[in-house]
Amino acid sequence: MVNTAVFLAEGFEEIEGLMVVDLLRRAGITVDMVSISDSQTVSGSHKITVTADKLIKDIDFEVYDLLVLPGGMPGTLNLGVDATVNQTIKEFAAAGKLVCAICAAPMILEDLGLLQGKKATCYPACEENLKSAILTG
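Basis of the calculations
Residues numbered from 1 in each chain as written. Predicted model: local features only at pLDDT ≥ 70, side-chain atom pairs only at ≥ 80, totals over all residues. Heavy atoms only, no water. Salt bridge = Lys/Arg side-chain N within 4 Å of Asp/Glu carboxyl O. Helix = DSSP H or I, 4+ residues; strand = E, 2+ residues; numbered from the N terminus. Buried < 20%, exposed > 50% of the residue type's maximum accessible area, 1.4 Å probe, protein only. 1 Å grid on protein atoms, 1.4 Å probe; cavity = no way out; pocket = protein on both sides within 12 Å on 5 of 7 lines; lining within 4 Å. Points joined across faces, edges and corners; volume = space filled by probe spheres on them. Nonpolar A, V, L, I, M, F, W, Y, C, P; charged D, E, K, R; others polar.

For the structure shown, the criterion picks out three salt bridges. One salt bridge connects Asp22 with Arg26, and the closest N-O pair in it is separated by 2.9 Å. Highlighted residues: Asp22 and Arg26, both in helix 1 (residues 14-26), separated by four residues, approximately one helical turn. With a shortest N-O distance of 3.4 Å, Lys54 and Asp32 are connected by a salt bridge. In this pair, Lys54 is assigned in strand 5 (residues 54-55) and Asp32 in strand 2 (residues 30-35), connecting sequence segments 22 residues apart. You can call Lys54 partly exposed: its relative accessible area is 35%.

Encoded structure:
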């Protein structure tokens, strides 16, 4: 079974976070919405407030197989400056685990040096920030 953590930061793009949670749960995949703050309540970029399942400080990421980073602004920026988020992404990448970055969020992977020579796609206005990636579609 694939255990998934979807990171939620203030200003995340709601459709990119919640649609992923909805689809994976409908497919029978275990998904936890993880707030990166000290509050389970997280507001998206369109002021839709959701209640996360867990707080990042309470997570043992050893049990997860997949991380999902929704885009949105300023959600992507908030994810990108969080030390625990960055460390977890690096650990997943080093272990060969899956990391999914949507829309603007691939910029985080670029900043961590994880896109060197890899195929990636992102929100068109963010393409200039993916200097080491092979941009697709």
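After presenting the structure, the write-up continues.
A word on the layout of surface pockets. The space that makes up the largest pocket amounts to roughly 320 Å³. Taken together, 15 residues make up the lining of the largest pocket; nearest its centre are Val99, Leu109, Leu114, Leu115 and Lys118. Elements that contribute at least two residues to the lining of the largest pocket include exactly helix 3 (83-95), strand 7 (98-101), helix 4 (106-111) and strand 8 (119-120). Take the lining of the largest pocket: its biggest share by element is four residues, from strand 7. A per-class count over the lining of the largest pocket returns eleven nonpolar, one polar and three charged.

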